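# A look at the structure
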Amino acid sequence: MTRLIDEVLAAPRSTGDVIGSYAPFAIELRRAEAFEFQADVVSACKQVAQSRPSSMVAALPLARIPYRATWIEWVPEGERHGYKPTPRRIGCLLQADDSTHQRGHATWAWSHPQGLSVPLLGMRFDWSQSADIGARLTAEMDAARAKFPAFRKFVDAVPPPPTTSPEEIKADMLGAPHLARFARDEREIAAEASMLRHMMPTAPPWAVTIALQLRGKIGEQNYTAVMQQWLNDLAGEPLFMLAALITLNSKNMIQNEREDLSRLNHARAKSGKHPLREVIQTRLSLSRRAGRIASGTTAATARRQHLVRGHFKVRKSGIYWWSPYVRGTGEAVLRAAYIVSR
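Residues numbered from 1 in each chain as written. Predicted model: local features only at pLDDT ≥ 70, side-chain atom pairs only at ≥ 80, totals over all residues. Heavy atoms only, no water.

### As for the nonpolar core
- In this structure, Phe37, Trp71 and Trp127 are the most contacted members of the largest nonpolar core, which totals 71 residues.
- Broken down by element, this core gets its largest block of residues, eight residues, from helix 11 (residues 237-249).
- Among all residues touching Phe37, those that are not within four sequence positions of it are Val42, Cys45, Ile72, Glu73, Trp74, Ala244, Leu248 and Thr282. (Core = buried A, V, L, I, M, F, W, Y, C linked by side-chain atoms within 4.5 Å. Buried < 20%, exposed > 50% of the residue type's maximum accessible area, 1.4 Å probe, protein only. Helix = DSSP H or I, 4+ residues; strand = E, 2+ residues; numbered from the N terminus. Contact = heavy atoms within 4.5 Å.)

Put into structure tokens, the structure is as follows:
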């Protein structure tokens, strides 16, 4: 299966770039260190993304980009919500704009059987404790309006920032399958509200000029509709992206292995083919304790066999991930689903 990063890097030579985003995105992507998440890591990230909002807020110190420009791609797990078709692959380009690697832009790309999609709308993020991304962006946009009158057309067409009133947040949580069970907990509502201070949809710097040109070509009404469609496409992706960063920075969760494609790319060069991008393969790594329990060498073997879900443990030395494992011996306890009561 062709990786998404190779598809994007080869895309500027194709004729399928309707909005003109492939070439500038490929330029940004060439500067990035690339990770490919294996299926077990994707499953773990999905679990992390469905954690309590307060747990996600507690894990924000781990949300740092490993490199100034970092690309993560994966094969999505399960079906997409609503009308969305399931992509063949998903990728996210994270670009830091400060030395802490906690602030910057995220841009997504999707590969479908019908072709490649690189929208001009991404996410501005700031994972620092004192972040207020809405106030920061408002100040930057006001300054841009004053300095560049043409920029007003683009700014005014960007969807407004999410509201932060407790009532609206609670209503949004009730409508989200992974948040509904927390929607009656005031602590979790407050945590979800604080998350909105850390991220907001906007165009990445490389896309602003293209967005202005697109608006001039298709008109204001169509452009607003396109922006809203891109915003809908992003639903759920920022939370998974945050879970991916937490995963990459967890002390005992993953193992990375950099691949070597030098011989393959040498052969491809001889035949005139585009070289493939070397990536870092990311897999889960069981902790020692989880490994002992899974192998049946602890007192936990006295319990009936059951599956323990993956979860975080917060310690003074950092936040650690306990991978899913089977605990106990004897007759297995089969569980088709978890029932969560309010």
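Still to come is the rest of the account.
### Some points on the pattern of salt bridges
- Using the criterion set out here, one finds 15 salt bridges in the structure.
- Arg187 serves as the salt-bridge partner of Glu188, at 3.5 Å between the closest nitrogen and oxygen.
- Residues participating in the shared-partner salt-bridge network are Arg3, Glu36, Glu73, Arg89 and Glu259. (Salt bridge = Lys/Arg side-chain N within 4 Å of Asp/Glu carboxyl O.)

### With respect to helix 9 (residues 208-218)
- Val208, Ile210, Ala211, Leu214 and Arg215 are the residues of helix 9 that are buried. Seen end-on, helix 9 carries its buried residues on one side only, within an arc spanning 155°. Summarising the geometry of helix 9, the exposed residues directed more than 90 degrees from the buried face are Thr209, Gly216 and Lys217.
- Looking at the residues trailing helix 9, positive phi occurs at Gly219, about 90°. (Arc of directions from axis to C-beta.)

### A short note on the packing of helix 3 (residues 39-49) against helix 11
- For the pair helix 3 and helix 11, interaxial distance at closest approach is 8 Å and the crossing angle is 115°. Compared by their axis directions, helix 3 and helix 11 come out roughly perpendicular. The two elements helix 3 and helix 11 meet at a crossing, and its hand is right-handed. Packed against helix 3, whose contacting residues are Val41, Val42, Cys45, Lys46, Val48 and Ala49, the element helix 11 presents Leu239, Phe240, Ala243, Ala244 and Thr247 at the interface.
- Taken together, the residues that form the contact of helix 3 with helix 11 break down as nine nonpolar, one polar and one charged. (Axes fitted to C-alpha atoms, helices over the stretch in contact; angles between N-to-C directions. Parallel < 35°, antiparallel > 145°, perpendicular 65-115°, else oblique. Left-handed = near helix turned anticlockwise from the far one by under 90°. Nonpolar A, V, L, I, M, F, W, Y, C, P; charged D, E, K, R; others polar.)

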